[in-house]
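Next come the chains, spelled out residue by residue.
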Number of protein chains: 2
Amino acid sequence: MAVNLPLPEAAELKPVAGIELGHAEAGVRKPGRKDLLVMKLAPEATVAGVFTANRFCAAPVQVCKAHLEGMRLSGAPIRALVINTGNANAGTGEAGLAAANETCTALAGLLGCEPAQILPFSTGVILEPLPVDRIKAGLPQAIANLQGDNWLNAAHAIMTTDTQPKAASASVVINGKTVTLTGISKGAGMIKPNMATMLGFLAFDAKVAQPVLDRLVKQAADKSFNCITIDGDTSTNDSFIIMATGAAGVEVNDIDSPEYAQLAEAVIALSQKLAQMIVRDGEGATKFMTVQVEQGRSADECRKIAYAIGHSPLVKTAFYASDPNLGRILAAIGYAGVDDLDVSKLDLYLDDVWVAKSGGRNPDYQEADGQRVMKQSEITIRVKLARGDASATIWTCDLSHDYVSINADYRS
Amino acid sequence: MAVNLPLPEAAELKPVAGIELGHAEAGVRKPGRKDLLVMKLAPEATVAGVFTANRFCAAPVQVCKAHLEGMRLSGAPIRALVINTGNANAGTGEAGLAAANETCTALAGLLGCEPAQILPFSTGVILEPLPVDRIKAGLPQAIANLQGDNWLNAAHAIMTTDTQPKAASASVVINGKTVTLTGISKGAGMIKPNMATMLGFLAFDAKVAQPVLDRLVKQAADKSFNCITIDGDTSTNDSFIIMATGAAGVEVNDIDSPEYAQLAEAVIALSQKLAQMIVRDGEGATKFMTVQVEQGRSADECRKIAYAIGHSPLVKTAFYASDPNLGRILAAIGYAGVDDLDVSKLDLYLDDVWVAKSGGRNPDYQEADGQRVMKQSEITIRVKLARGDASATIWTCDLSHDYVSINADYRS
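Residues numbered from 1 in each chain as written. Chains lettered and ligands numbered in written order. Predicted model: local features only at pLDDT ≥ 70, side-chain atom pairs only at ≥ 80, totals over all residues. Heavy atoms only, no water.

Peer 1: What should I look at first to understand the environment of Thr-123 of chain B in this one?
Peer 2: Residues and elements named next belong to chain B. If you trace the backbone, Thr-123 turns up in strand S5 (residues 118-125). As a C-alpha pair, Thr-123 and Asp-238 span 115 residues in sequence and 8.5 Å in three-dimensional space. Among the polar contacts listed, one links the side chain of Thr-123 to the side chain of Lys-186, at a separation of 2.8 Å. (Helix = DSSP H or I, 4+ residues; strand = E, 2+ residues; numbered from the N terminus. Polar contact = N/O pair within 3.5 Å; in protein donor to acceptor, adjacent residues only side chain to side chain.)

Peer 1: Would you mind showing me how to read the confidence of the model for chain A here?
Peer 2: In low-pLDDT regions, the fine details of the predicted coordinates are not to be read closely. Residues and elements named next belong to chain A. Summing up the model confidence of chain A, the mean pLDDT is 90 and the portion of residues at 70 or higher is 95%. When the elements of chain A are averaged for pLDDT, strand S10 (residues 228-229) gives the smallest value, 75, and helix H3 (residues 132-144) the largest, 98. Note on residues 191-196: pLDDT is under 50 here. Beyond four places in sequence and across chains, it has 41 contacts. (pLDDT = per-residue confidence, 0-100. Contact = heavy atoms within 4.5 Å.)

Peer 1: Explanation requested: the environment of Cys-104 of chain A in the structure shown.
Peer 2: All names here are of chain A. Its location among the elements puts Cys-104 in helix H2 (residues 93-111). Accessibility expressed as a relative area gives 0% for Cys-104, which makes it buried. Through-space distance from the C-alpha of Cys-104 to that of Met-374 is 49 Å; in sequence the pair is 270 residues apart. When near neighbours in sequence (up to four residues on either side) are disregarded, Cys-104 contacts Val-63, His-67, Pro-115, Ile-118 and Pro-120. (Buried < 20%, exposed > 50% of the residue type's maximum accessible area, 1.4 Å probe, protein only.)

Peer 1: Help me understand the packing of aromatic side chains, please; the structure alone is not making it clear to me.
Peer 2: A ring pair, where both rings are aromatic, is described by two values, the distance of the centres and the angle of the planes. Inspection of the entire model under this criterion finds six aromatic pairs over all chains. Aromatic side chains Tyr-349 of chain A and Trp-354 of chain A sit 5.4 Å apart centroid to centroid with 20° between the ring planes, which places their arrangement in the stacked category. On the basis of relative accessible area, Tyr-349 of chain A is assigned to the buried category, the value being 12%. Considering the side-chain rings of Phe-121 of chain B and Phe-201 of chain B, the 5.0 Å spacing of their centres and the 85° angle between planes classify their relative orientation as edge-to-face. With Phe-121 of chain B in strand S5 and Phe-201 of chain B in strand S8 (residues 199-204), the pair connects residues that are 80 residues apart, well separated along the chain. According to the relative accessible area criterion, Phe-121 of chain B is buried, its value standing at 3%. Classification of Phe-201 of chain B as buried rests on a relative accessible area of 0%. A cation over an aromatic ring shows up here: Lys-357 of chain B above the ring of Trp-354 of chain B, its NZ or CZ 4.7 Å from the ring centre. (Phe/Tyr/Trp six-rings, centres within 6.5 Å; stacked < 30°, edge-to-face > 60°. Lys NZ or Arg CZ within 6 Å of the ring centre and 35° of its normal.)

Peer 1: Got a minute to help me understand the domain arrangement of chain A in this structure?
Peer 2: Accessible area lost during the coming together of the parts is what is often quoted as the interface size. Residue and element names in this part refer to chain A. Partitioning chain A into domains gives domain 1 (10-280) and domain 2 (288-409). The straight-line distance from the C-alpha centre of domain 1 to that of domain 2 is 33 Å. Taken together, the contact between domain 1 and domain 2 spans 17 residues of the former and 14 residues of the latter. In total, about 1300 Å² of surface goes out of reach between domain 1 and domain 2, with carbon and sulfur atoms giving 60% of it. Three residues stand out in domain 1 for area buried against domain 2, namely Cys-227, Thr-229 and Arg-280, and they jointly supply 38% of the buried area on that side. Where domain 1 touches domain 2, the interface holds one salt bridge. The shortest N-O distance in the salt bridge between Arg-280 and Glu-378 comes to 2.4 Å. Summed over the shared surface of domain 1 and domain 2, the result is four residue pairs in polar contact (both at pLDDT 80 or more). Elements with a minimum of two residues in the side of domain 1 that touches domain 2: S10 and helix H6 (258-280). (Domains from an automatic or database assignment. Buried area = accessible area lost by both parts, 1.4 Å probe. Salt bridge = Lys/Arg side-chain N within 4 Å of Asp/Glu carboxyl O.)

Now the structure itself:
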């Protein structure tokens, strides 16, 4: 069902020295599926993350933030990540915080570190108590499975309504040494900027100082996971984590160095790939759409317009139907909230087809041309605002019958 | 398919002295359907309107605004409204403006008035040229049909994807005299505040001075049509018009008078009924939901939260499925954009069922109770923010398979 998203093969996913991954079937919500993942880090690794902007941020997100802050103060490194699916541990109040902390304490006991050196993550149903005993009971199995070449199982273990695992590797040569990058992601609904029910974990074996990694994770998120939307719902649990193990003998400690630029380029490219995989596997998706807004006064107004288009159920159903009912795109631009927008200057393209010119239908536009593009599985919507030099790009998918089915049936 | 929306009967719809309505089958988009309406006004009537906030506002909306402005300057009253379905005349640039003006000129010629005394309205597909010749050719038939007791045909003539006509009457006794009010509305998709692909026309036979009517139309819209959402898309053509014919011998010229209060109460109640009819007939709707946000710091923040809930596809599909997956409501509250919201104080009710207490699951909440309410066709979602005295209420519907079908097939 996913749009142009080939299944990853285990052999393509390169181990990152300094990271071991172990999965388990803990039966968090349903028996017989991989639903628990432990990622163990070498002691010299640095870790940085960005998290959901949702005010109802889940208990594990609160604990992650506190542990990352504690790590900055104490210098005691993060030693492991633990991720469960089946339950988001969100909207669970004090009991939820206690459950997230209990998970950390249990894993710390097994690994011989402090609870504050563990980062917990949860994804799944909101507003239900976390079955922490089942998670604790599953940890020894996950630890027994720890190994470096376990990325495909790891990608499986974090899936919820995803139809397939999402994982990719890349490499970049810096100062003559090869840095290996591998990442996994999950998410298929409740996907919106800042951020999504989306988990992303990206590791590489360069050595990166903490402040540099903090900057890199934000920069990568802003150019990848913060540019996708499926249904406009921002989840309570979104997290994107970058781990730098340092095993490759390459150091990047200066944001203004060419080494940083090379590493950032590779990290951003892999992050975009992982983020786009989420859209390609969007709930019920049949089309992958790139929305590109150009010639705006600010990136912010371009993003507003791109998201208005990307969120419009009318636009999304028209793409699902391959129906070039493109006035719906103009309507979305019109209500995007750019109050002084002069629509009489605006141009709209669908791939190479010039649909609207100076705010009205392009006299040369033929519906057959629009139809041809709409039938593709990958489409670029391009809007030119003719009022500046700023631009923004987001990625989204269509809205199909299956989206409704999946979300009407998710818990049953 | 509409939710608790009985078909109006012609006998229930009371004529308003000073208004005649004439419909025609002009074949604007498809033959054999009522798609053109003329509403002729007594010369002493006053008229006021509010229009879409969409920057891509349609040609007829631009002409309406200009003609209402001209009426204020010249004193020459508005003498007729002309409404076509099948084509929105939006995204049509200069040619669209010319077409709207040509419609006004044609009708003015037939009625013996100036083009500036006509208000034009269009609803339907965006970005296609208005077939103005067909509309002009249909006008004589509409004029031949003009009569006072033609409201049900009028309600039929403005339908697009509506499954049934929307019309209602009311009356109010002011100073011992009965004022009769009748209104019609249309709209089923692209429905959002400020405003919707929504047309509303409300007439009564009290006499109301222009500045007072200008105030009344805004007040009524803000409490009715601006409180509904189906899919979050604000249309290019929304218009809500109030017409005061003055035939009943009741005058309302002072906003601070008890007469104004009585009239406003009746107008607001009828406007709410007409607005709620649009939601009840929302594309694919199976549930009618009232979202009530209380104890906020401002009405604006309450509306933000109410609309985040009302727009969330995840909330809407859960209601469609009668699935009390109510954490989705908390997630929507969390991303509504109220940045300093303390969610640990927040309570959530579904009708009389207390679901979330102090930001977490209410320990006494039983899923069976949530399930019982979710199965109803009318549901109130109530959020208490515990941070002030402001509140807001909106009305919305669920998101079903039929919504996708209707919007994927709309033009075919």
